[in-house]
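Next come the chains, spelled out residue by residue.
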Amino acid sequence: MRVLVIGSGGREHALAWKIAQSPLVDALFVAPGNGGTEGLATNLNIDITDHAAVIAAAREHAIDFVVVGPDAQVVAGLGDDVRAAGITCFCPSKEAGQLEGSKSFTKALCDQFDIPTAAYGRFEDEASALAYLYTQGAPIVIKADGLAAGKGVTVAMTVDEAIAAIDDCFDGSFGEAGASVVVEAFLEGEEASFFCLCDGKTALPFGTAQDHKRVGDGDTGPNTGGMGAYSPAPVLDEATLSRTISEIIEPTLRGMAEMGAPFTGVLYAGLMLTKDGPKLIEYNVRFGDPECQVLMMRLKEDLLLLLNAAVDGQLAHMSARWRNETALTVVLAAKGYPASPEKGTTIRGVDEAGTDDNVEIFHAGTALRNGALVANGGRVLNVTALGGSVTEAQKNAYRAVDLIDWPEGFCRRDIGWRAVEREG
Ligand code: AMP
Ligand code: GLY
């Protein structure tokens, strides 16, 4: 099989790394890829927002199977266009992608199918959003309705903060994404992520993880795409997972199918574990980044076989086995991230850091320039390690981090802290 992975992040490096291990692969391409995928696959330097360019490249390289990584491409309907060109594609339809692309779509689905989530109101003008806010008070959560690159959500601890966030949305700070606003109740609890591989009817549980969204140690500073993650997340114990599947995941798949938009792809549920049970915060319709990196470290199956089974509607006949160890990944980012990361600086020592069998280094914003590895984005490397516990995986990951010589980079030093504290 000739496979093309779409994307250029750590997630796509991890997917390509895992797919490359499949005996089904004859040739592997990544578009546009990064400095890490370059050794593993052939990078295709194309504009992935241009669907015609993706299809032309797939034809030129006789691709039989396309795997779409990033949310923006899923939500833009790249999967539908690739399929219409007669090429098999692992990517939800544009219609099903609304689960991530439109918060009000998901909220309406939750209402209709009784899926536990925060109470909310949706508003298209500022006056009614404010009126609702005054009836609810703070803490409260304000969300731009559409995709806003993870930046459209404000958890407001005071009414003044909430007013400012509502102002921002209607001022056009988030463009089209802010034209309507969801105002929802603040949920109290611990957050965790649950992934399922879906084929329209069946959800195959595909691992749990905890991400670290804030840029600074102790969960401080601005939100980022994610500064580190580990899997499994022990807070999602068996009883909670089984409630999540029956109360949240199964009704979602049923509802999407009934609506004529069956969901095929990776369903990533962002959950709040409240005292009343798991509640849905949001859905994503693709692997998480950096959560994918830790899932791929633990997966003991042929990923390509499973992705094909999902596309063929055959997941009811499949299972997934996982390594018992914990995998933990630390993101190295360029100084200035998330606001204005510095580009073009040289990174040394990555090969040495990755020599341990328990360590893999997945690249994100890197490029090779005259044989040297340089930073080419905000999040740059994902140093990923296995260990017998979260504490041990954390130790192994930071040992490898410390072998990397990159003065212009930084990382959090506390990835996994919640679980480490519990293990302590
Ligand atoms: P989202 O983009 O919907 O995942 O929101 C980003 C982050 O905001 C989440 O990861 C949570 O930490 C927080 N958040 C979102 N909705 C709520 C809520 N209803 N209650 C508490 N925190 C929330
Ligand atoms: N790490 C969060 C995400 O991929 O959405």
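Going by the structure above, here's the rest.
About the cut-offs
- For every chain, the first residue of the written sequence is number 1, and numbering continues from 1 along that sequence.
- Following the order in which they are written, the chains are lettered starting with A and the ligands numbered starting with 1.
- Since the coordinates come from a predicted model, pLDDT governs what is reported: local features require at least 70, and pairs of side-chain atoms require 80 or more to be given and counted, while whole-chain, interface and lining totals use all residues.
- Computation of side-chain values: all heavy atoms of the structure, hydrogens and water removed.
- Only DSSP runs of H or I with at least four residues qualify as helices, and only runs of E with at least two residues qualify as strands; both kinds are numbered from the N terminus onward.
- Helix span, expected: 1.5 Å multiplied by one less than the number of residues in the helix.
- Each residue gets one of three labels from its accessible area relative to the maximum for its type: buried under 20%, exposed over 50%, partly exposed in between, using a 1.4 Å probe on protein chains only.
- The contact criterion used is simple: two residues touch if any of their non-hydrogen atoms lie within 4.5 Å.
- Directions drawn from the helix axis to the C-beta atoms are what define this arc.
- Whenever two N or O atoms come within 3.5 Å, that pair is a polar contact, provided that in protein one can donate a hydrogen and the other can accept it, and provided that, for residues adjacent in sequence, both atoms are side-chain atoms.
- Any two strands with at least two DSSP bridges between them are considered paired.
- Definition used for salt bridges: Asp or Glu carboxyl oxygen within 4 Å of a side-chain nitrogen of Lys or Arg.
- Angles shown run from 0 to 180 degrees and are taken between the N-to-C directions of axes, each axis being a line fitted to C-alpha atoms and, for helices, limited to the stretch in contact.
- Each angle receives one of four descriptions, namely roughly parallel if under 35 degrees, roughly antiparallel if over 145, roughly perpendicular if within 65 to 115, and oblique otherwise.
- By convention the crossing between two helices is left-handed if the near helix lies anticlockwise of the far one by an angle smaller than a right angle, and right-handed if it lies clockwise.
- Gly falls in the polar group here, along with every residue not listed as nonpolar (Ala, Val, Leu, Ile, Met, Phe, Trp, Tyr, Cys, Pro) or charged (Asp, Glu, Lys, Arg).

**Quick word on helix α13 (residues 390-401)**
Since the α-helix packs 3.6 residues into each turn, any two residues three or four apart lie on the same face.
Next, step 1: Across its 12 residues, α13 extends 16 Å between first and last C-alpha, which sits within 8% of the 16 Å expected from 1.5 Å per residue.
Next, step 2: Buried within α13 we find Val390, Ala393, Gln394, Asn396, Ala397, Tyr398, Ala400 and Val401.
Next, step 3: Residues of α13 that are buried sit in contact with β14 (228-231), β17 (326-334), α12 (350-353), β19 (359-363), β22 (379-387) and α14 (417-423).

**A word on helix α2 (residues 51-60)**
Next, step 1: If you check which residues of α2 are buried, you get His51, Val54, Ile55, Ala57 and Ala58. Viewed end-on, α2 has its buried residues packed into an arc of 160°, placing them on one side of the element. Pointing more than 90 degrees away from the buried face of α2 are the exposed residues Ala52, Arg59 and Glu60.
Next, step 2: Packed against the buried residues of α2 are β1 (2-7) and α4 (78-84).
Next, step 3: Between the side-chain oxygen of the N-cap and the backbone nitrogen of Ala52 there are 3.2 Å, and the N-cap of α2 in question is Asp50.
Next, step 4: Just downstream of α2, Ala62 is the residue with a positive phi angle, here 50°.

**Quick look at the pairing of strand β13 (residues 220-223)**
Next, step 1: Looking at chain direction, strand β12 (residues 214-216) and β13 are connected through two bridges and run antiparallel. Note on β13: the bridge partner recorded for Gly216 is Thr220.
Next, step 2: Where β12 hands over to β13, the hairpin turn is made up of three residues, of which Gly218 adopts a positive phi near 70°.

**What about the sheet that holds strand β20 (residues 366-369)?**
Next, step 1: Across the sheet, three strands lie side by side as β18-β21-β20; this open sheet has antiparallel pairing. Both outer strands of the open sheet, β18 (346-347) and β20, are each paired with one neighbouring strand and no more.
Next, step 2: The sheet contact formed by β20 and strand β21 (residues 372-375) spans four bridges and is antiparallel. Looking at the pairing, Leu368 lines up with Leu373 of β21.

**A closer look at the pattern of salt bridges**
Next, step 1: Tallied over the full model, the rule gives 15 salt bridges.
Next, step 2: For Arg11, the salt bridge is made with Glu12, and the minimal N-O distance between the two is 2.8 Å.
Next, step 3: Given a relative accessible area of 2%, Glu12 falls into the buried group.
Next, step 4: Arg418 is the salt-bridge partner of Asp219, the closest N and O atoms lying 3.6 Å from each other. Residue Asp219 is located in the loop between β12 and β13, and its partner Arg418 is located in helix α14; the two are separated by 199 residues in the primary sequence.
Next, step 5: Taking relative accessible area as the criterion, Asp219 reaches 24% and is therefore assigned partly exposed.
Next, step 6: The structure contains a network of salt bridges with shared partners spanning Asp219, Arg412, Asp414 and Arg418.

**Some words on the sheet that holds strand β4 (residues 65-68)**
By definition, the strands of a sheet pair up through backbone hydrogen bonds, in either a parallel or an antiparallel sense.
Next, step 1: Pairing is parallel in the open sheet, where five strands are placed in the order β3-β2-β1-β4-β5. If you trace the sheet from one side to the other, it starts and ends with β3 (42-43) and β5 (88-90), each paired once.

**Focus on the packing of helix α7 (residues 126-136) against helix α8 (residues 159-170)**
Next, step 1: α8 packs onto α7 with a crossing angle of 160° between their chain directions and a minimal axis gap of 10 Å. Comparing the axis directions of α7 and α8 gives the class roughly antiparallel. Two packed elements cross with a definite hand, and for α7 against α8 that hand is right-handed. Residues Glu126, Ala129, Leu130, Leu133 and Tyr134 of α7 pack against Val159, Ala162, Ile163, Ile166, Asp167 and Phe170 of α8.
Next, step 2: For the contact of α7 with α8, the per-class residue count stands at nine nonpolar, no polar and two charged.

None of this, on its own, says anything about what the molecule does.
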